[in-house]
Amino acid sequence: MVKLNNNFNNLVSNYLFAEVANRVAAYKKAHPDKKVISMGIGDVTQPLAPAVVQAMKAAADEMGVKETFRGYGPYEGYDFAREAVQAHYASFGCRIAADEIFIGDGAKNDLGAIVDLFGPGNLVAIPDPVYPAYVDVNMLCGNEILYLDGNRENGFLPAPPDRAADIIYLCSPNNPTGAVYSREGLKEWVDYANANGSVILFDAAYESFIQDPALPHSIFEIDGAERCAIELCSFSKTAGFTGTRCGYTVIPKALERGGMNLNAMWTRRAAIKYNGTSYIIQRAAAAVFSPEGFSQAKQNIAYYLNNARVMGEALRAVNIEYVGGGNSPYIWFRCPGGIDSWKLFDLLLDKANVVCTPGAGFGKNGEGWCRLTAFGDAQDTRTAMQRIGQVLGELG
Ligand SMILES: *Cc1c(COP(=O)(O)O)cnc(C)c1O
């Protein structure tokens, strides 16, 4: 009889967004007249930039002409796409070689695939609260997880633990908290990883939301990171590619462990398991980092950050403590009056007709907090925050 992966039975976090959707659907069914505003799901709403659409159409036209048609592309991505990402890194002072950049179909896929580089028996450090995929991927391969507590005291930016972890996941700007590591904070992690022979998997999906010039966009802004870190990034939040699908993973050639080179291993893996990202999509992605495309993408980011500003002001007006917002599309706020996060979720749905995400769904340290996203429509965001402010004000 076939042996299945029993680790599927150990998964839990699946439940979060399904449960949110169930409760919202039940509420809408019972109250068809109410206009419910969602600030729950982390998906973008602004359309693709004109420069991106133009590049996509031009590439589609090329595919329909014999002379310019393309079949299988390079597994690691076309040079033009790798060079566009390289130039983006250079724009904030990171010198990355084009062959250290791998173009893929989104960060989530690479986050799941990256475990191919590692053997069994690693101790994996994962912050709590966190983006649920890191935990689930490691549960599926049966890895031991060491949770790193994020809390009010450390601003949801855990420092290295006393124990030596082999693999470390960091996400900055963070989903769900919106907290961003400083250079000093990342330097501690880089030094820890180099001292212990660990590898850091750095999720930079929200780097383009960083406005404060003192904050690092990439772990490769930190000296020594090229010897201990892999960075995963995506066009999803930078340029509205959540449905278009394109991301990139950076593995420095200087990253070696036990005589093995991780860049060479990932190159080999791509040849075995991946036949490349669509030419049309890579053209669209490269256009994001053209001067015109990037200025259009930045307008959308400014739109979301303006929502975040409105959200922060509304919370401050009723003395609700929060983190995030200024350099990220997420605001992570404290539930007033000791109420738990699912209870507050129900209350905001019922009294304000607004959907948030209960912090408990992101890990045990998320209890007592809720996440709001700035990815919505500007007018809806204002309306939602007026309603939320009223409810929270009465509770606090
Ligand atoms: C949205 C998101 C990603 C991006 O995933 P894609 O597969 O590229 O769409 C990666 N990490 C985090 C933390 C995210 O929130």
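Counting starts from 1 at the beginning of each chain's written sequence and moves along it residue by residue. Restriction of local features to residues with pLDDT of at least 70 applies here, the model being predicted, together with a cutoff of 80 or more for giving and counting side-chain atom pairs; totals for whole chains, interfaces and linings are based on all residues. Note that water and hydrogens are dropped before the side-chain values are worked out from all heavy atoms of the structure.

A few points about the sheet that holds strand S11 (residues 322-324)
Okay, so step 1: If DSSP finds at least two bridges between two strands, the strands pair. Numbered from the N terminus, helices here are DSSP runs of H or I no shorter than four residues, and strands are runs of E no shorter than two. A sheet is described by the order of its strands in space; here 4 strands give the open sequence S11-S12-S15-S14, paired in antiparallel fashion. Looking at strand neighbours, the two that pair on one side only are S11 and strand S14 (357-358), the edges of this open sheet.
Okay, so step 2: Two elements, strand S12 (residues 330-334) and strand S15 (residues 369-373), share 5 bridges in a ladder whose sense is antiparallel. Of the residues in S15, the one forming a bridge with Ile331 is Leu372.
Okay, so step 3: Residue contacts are counted whenever heavy atoms from the two residues lie within 4.5 Å of one another. Every axis corresponds to a line fitted to the C-alpha atoms, with the helix fit spanning only the stretch in contact, and the corresponding angles, defined between N-to-C directions, vary from 0 to 180 degrees. Across the sheet, helix H10 (residues 291-317) lies against S11, S12 and S15, angled at about 10 degrees from S12, the strand it touches most.

A word on the domain arrangement of the protein
Okay, so step 1: According to the domain assignment, the protein contains domain 1 (15-44 + 293-395) and domain 2 (50-289).
Okay, so step 2: Contact residues are listed per partner, giving 28 residues for domain 1 and 34 residues for domain 2.
Okay, so step 3: Values labelled buried area give the accessible surface lost by two parts on being combined, using a 1.4 Å probe and summing over both. Across the interface of domain 1 and domain 2, roughly 2500 Å² is buried in total on both sides, 62% from carbon and sulfur atoms.
Okay, so step 4: Looking at the side of domain 1 facing domain 2, the largest losses of area belong to Phe294, Asn327 and Asn365, adding up to 24% of the total buried there. Boundaries of every domain are those given by an automatic assignment or by a domain database.

What to know about the sheet that holds strand S7 (residues 229-234)
Paired through backbone hydrogen bonds, the strands of a sheet run either parallel or antiparallel to each other.
Okay, so step 1: The strand order across the open sheet formed by 7 strands is S2-S8-S7-S6-S5-S3-S4, and the pairing between neighbours is mixed. Where the open sheet ends on each side, the last strands, each with one partner, are strand S2 (101-104) and strand S4 (144-149). Neighbour to neighbour, the strand axes of the sheet diverge by 20 degrees on average, direction disregarded.
Okay, so step 2: Bridge count for S2 against strand S8 (residues 247-250) is 4 bridges, and the pairing is antiparallel. Its bridge partner lying in S8, Ile103 is registered against Tyr248.

Things to note about the site of the ligand
Okay, so step 1: Summary of the distance rule: residues count as near a molecule or strand when at least one heavy atom falls within 4 Å of that molecule or strand. If you check the shell around the ligand, you find 14 residues, and the closest are Asp203, Tyr206, Ser234, Ser236 and Lys237.
Okay, so step 2: Measuring from an oxygen atom of the ligand, one finds a side-chain N or O atom of Arg245 at 2.6 Å.
Okay, so step 3: For the ligand, whose accessible area on its own is 390 Å², the fraction buried by protein is 94%.
Okay, so step 4: Listing elements by their share of the shell around the ligand, those giving two or more residues are helix H4 (107-113) and helix H7 (235-239). Any N or O atom pair separated by 3.5 Å or less is treated as a polar contact, with the protein-specific requirement of one donor-capable and one acceptor-capable atom, and with residues adjacent in sequence counted only for side-chain atom pairs. With residues, only the protein chains shown are counted as cover, and all accessible areas are computed by Shrake-Rupley using a 1.4 Å probe.

A closer look at the packing of aromatic side chains
The relation between two aromatic rings is expressed through the spacing of the ring centres and the mutual angle of the planes.
Okay, so step 1: Whether two aromatic rings pair depends on their centres lying within 6.5 Å, for rings of Phe, Tyr and Trp, where Trp uses its six-membered ring; planes under 30 degrees apart make the pair stacked, over 60 edge-to-face, and the rest tilted. This structure, assessed with the given rule, holds 26 aromatic pairs.
Okay, so step 2: Where Tyr78 meets Phe80, the ring centres are 5.3 Å apart and the plane angle is 15 degrees; that geometry is what we call stacked.
Okay, so step 3: Residue classification places Tyr78 among the buried positions, given a relative accessible area of 9%.
Okay, so step 4: Taking relative accessible area as the criterion, Phe80 reaches 19% and is therefore assigned buried.
Okay, so step 5: An aromatic cluster of three or more residues is present, and its members are Tyr89, Phe92, Phe235, Phe241, Tyr248, Phe289 and Phe294.
Okay, so step 6: Here Arg82 stacks its cationic end above the ring of Phe102, 5.5 Å away from the centre of that ring.
Okay, so step 7: The ring of Phe80 carries Arg283 above its face, with NZ or CZ at 3.6 Å from the centroid. The buried label goes to any residue with under 20% of its type's maximum accessible area, the exposed label to any with over 50%, and the partly exposed label to all in between, with areas taken from a 1.4 Å probe on protein chains only. Charges are assigned to positions over rings by a cutoff of 6 Å between ring centre and Lys NZ or Arg CZ, combined with an angular limit of 35 degrees from the ring normal.

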